[in-house]
Amino acid sequence: MSRYFTKTLASLEPYTPGEQLKIADIVKLNANENPYPPAPGVAAAVPGLRLYSDLTNGDLNAAIARHWGVRPENILCGNGSDENLLLALRAFCDENTPLAFADVTYSFYTVLCDLLHIPQHILPLEDDLTIDLTKYCGLHETIVIANPNAPTSLLAPVAAIEEVLKTNPDNIVIVDETYVEFAPAGASCLPLLDKYDNLVITHTFSKTHNLAGARLGFCIARPELIADMNRVKFSYSPYNVNSMTQAAGVAAISDEAYFADVTAKVIAERTRTTAELRRRGFTVFDSSTNFLFAATDRMPCREIFEKLRDRGILIRHFNAPRISGYLRITIGTPDQMQRFLTALDEILEG
């Protein structure tokens, strides 16, 4: 860093994304992107760019609201769900209001806390990497719960999250539902929105709606909380979602049939790949996401990761406490997953 960089951020550790290698015919299973193209109407929806984008995201908010059965005033869009998380943390945390979250979860929570100088209250997952939500009851702190969790892929019951909301009435509870559309029906906390005014739910277009490159996220909350976060947004980036992304988002979320078809394909391939890995002796968590979290004693996971990478197949290995013995594998197309399994067999039998 230069000598001009603020000393308050000297210890900041940026989020580490999955590798973005430019290799021909690569099998990219390391970033939880959707393997299928966006809905056919997306490319046709891009408008002219002479004018500033709609800073209210009016058409996009309305389309999202229709999809989820809420009102447009319940929606706030962001430049990826990461920005929605930033807006929520800036609005509802400070040096006297810590953020509580699990030790093994989306690592961007730590990055945002470091960036915004928010104290962190880390609660360890259980030995089996499940989350005991009773530990979050009555904390009287801002809380974020990734459900399903990443990278573990595990889902917590809505009833347990409701107890967290109920016992922290004076604090915001953020439920990060990035992967919930790959989970069984009834997994979303959206039905709790009318009952609890301290609930914020974050979502992204990157996974089920196939727009990772567009950088579009949104959150759902009571209008008064949306107003709080908008106050932060308009203080630094009022035009935070560009016109092309807004139009693409409307087209993507409006094509319900395409969304349902692609999601079903990912879930079917998730089921098949889980069975194939277990047949090879892997321990694979029961995933509610578009990725698998798997372990094996046949070869160190770091070595498997590196040998797959040498073959042009990218998965994810986290050199981190408690999870260094696991691999995270995004679900691709059937052809991509077969290439992965074939290469895995060569590595393990070589």
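Since the model is a prediction, treat every value here as computed from it, not as a measurement.

So, about the overall build of the protein. For the protein, the count of helices and strands is ten helices and 13 strands. Over its C-alpha trace the protein gives a radius of gyration of 20 Å, about what one expects of a compact globule, namely 20 Å for 350 residues. Seen through its C-alpha atoms, the protein measures out along the principal axes to roughly 60 × 50 × 45 Å. A burial count over the protein gives 54% of its 350 residues as buried. The long-range share in the protein, meaning contacts at least 24 apart out of those at least 6 apart in sequence, stands at 75%. Summed over all atoms, the accessible surface of the protein reaches about 15500 Å², with 54% contributed by carbon and sulfur. Treating the 31 positive side-chain charges of the protein as one cloud and the 42 negative ones as another, the clouds have centres 5 Å apart.

This paragraph deals with the sheet that holds strand β12 (residues 316–317). The four strands are arranged β9-β10-β13-β12 in an open sheet whose pairing can be described as antiparallel. Edge positions in the sheet fall to β9 (283–284) and β12, since each of these pairs with one other strand and no more. Examined bridge by bridge, strand β10 (residues 291–295) and strand β13 (residues 327–330) share four bridges and lie antiparallel to one another. If you follow A294 over to β13, its bridge partner there is L327.

Glancing now at unusual backbone geometry. Note the cis peptide between N147 and P148, where omega equals 0°. Assignment of secondary structure puts P148 in the loop between β5 (142–146) and α5 (158–167). Geometrically, the link from A150 to P151 is a cis peptide bond, its omega value of 10° lying close to zero. Of note, P151 is situated in the loop between β5 and α5. Non-glycine residue N57 carries a positive phi angle of around 50°.

To continue, consider the pairing of β5. The buried fraction of β5 is high, at five of five residues. Across the two faces of β5 the burial is the same, with T142, V144 and A146 and I143 and I145 all buried. Relative to β5, strand β3 (residues 99–102) runs parallel, the two sharing two bridges. Note on β5: the bridge partner recorded for A100 is I143. With α5 bridging β5 and its parallel neighbour strand β6 (residues 173–176), the resulting β-α-β unit is right-handed.

Let us look at helix α7 (residues 243–254). For α7, which comprises twelve residues, the first-to-last C-alpha distance of 17 Å matches the rise-based estimate of 16 Å (1.5 Å per residue) to within 8%. Counting buried positions along α7 yields nine of twelve residues, so the element is predominantly enclosed. Within α7, the full set of buried residues consists of S243, T245, Q246, A247, A248, G249, A251, A252 and I253. Buried residues in α7 make contact with α1 (41–44), α2 (58–68) and α8 (256–279). Measuring from the backbone nitrogen of M244 back to the side-chain oxygen at the start of α7 gives 3.0 Å, which picks out N242 as the cap.

Time to look at the nonpolar core. Counting 84 residues, the largest nonpolar core has I64, F205, I220, L277, I329 and F340 as its most contacted members. Broken down by element, this core gets its largest block of residues, seven residues, from helix α10 (residues 334–349). Not counting the four nearest positions on each side in its chain, I220 is found in contact with W68, V70, N74, I75, L190, L193, L199, V200, I201 and H203. Formed by 28 residues, the second largest nonpolar core is a distinct cluster that contains L89, F92, V200 and M229.

Attention now moves to the packing of aromatic side chains. One pass over the full model with this rule turns up nine aromatic pairs. With a centroid separation of 4.6 Å and an interplanar angle of 20°, the aromatic rings of Y52 and Y239 are classed as stacked. Taken together, the positions of Y52 in the loop between α1 and α2 and Y239 in the loop between α6 (223–236) and α7 put the pair 187 residues apart, joining distant regions of the chain. Taking the relative accessible area as the measure of exposure, Y52 reaches 67% and is therefore exposed. Overall, the relative accessible area of 38% leaves Y239 in the partly exposed class. When the centroid spacing of 5.9 Å and the interplanar angle of 20° are considered together, the rings of Y106 and F108 count as stacked. The pair formed by Y106 and F108 is uniform in burial state, with each residue classed as buried. Every member of this aromatic cluster is reached through a ring pair, and the members are F101, Y106, F108 and Y109. Cation over ring: R328 sits above F291, and NZ or CZ is 5.7 Å from the ring centre.

Let us look at the environment of R322. By the element assignment, R322 lies in the loop between β12 and β13. Relative accessible area serves as the criterion here: at 35%, R322 is assigned to the partly exposed category. Spatially, the C-alpha atom of R322 lies 9.0 Å from that of D127, the residues being 195 residues apart in sequence. Beyond its immediate chain neighbours, meaning those up to four positions away, R322 contacts D103, V104, P124, L125, E126, D127 and L129. Separated by 2.7 Å, the side chain of R322 and the backbone oxygen of E126 make a polar contact.

The rules we used
Residues numbered from 1 in each chain as written. Predicted model: local features only at pLDDT ≥ 70, side-chain atom pairs only at ≥ 80, totals over all residues. Heavy atoms only, no water. Helix = DSSP H or I, 4+ residues; strand = E, 2+ residues; numbered from the N terminus. Rg over C-alpha atoms; globule rule 2.2 N^0.38 Å. Buried < 20%, exposed > 50% of the residue type's maximum accessible area, 1.4 Å probe, protein only. Contact = heavy atoms within 4.5 Å. Areas by Shrake-Rupley, 256 points an atom, 1.4 Å probe, with all protein chains shown as cover. Lys, Arg positive; Asp, Glu negative; His and termini not counted. Charge placed at Lys NZ, Arg CZ, Asp CG, Glu CD. Pairing = 2+ DSSP bridges. Right-handed = clockwise from strand over helix to strand, strands pointing away. Expected span 1.5 Å × (residues − 1). Polar contact = N/O pair within 3.5 Å; in protein donor to acceptor, adjacent residues only side chain to side chain. Core = buried A, V, L, I, M, F, W, Y, C linked by side-chain atoms within 4.5 Å. Phe/Tyr/Trp six-rings, centres within 6.5 Å; stacked < 30°, edge-to-face > 60°. Lys NZ or Arg CZ within 6 Å of the ring centre and 35° of its normal.

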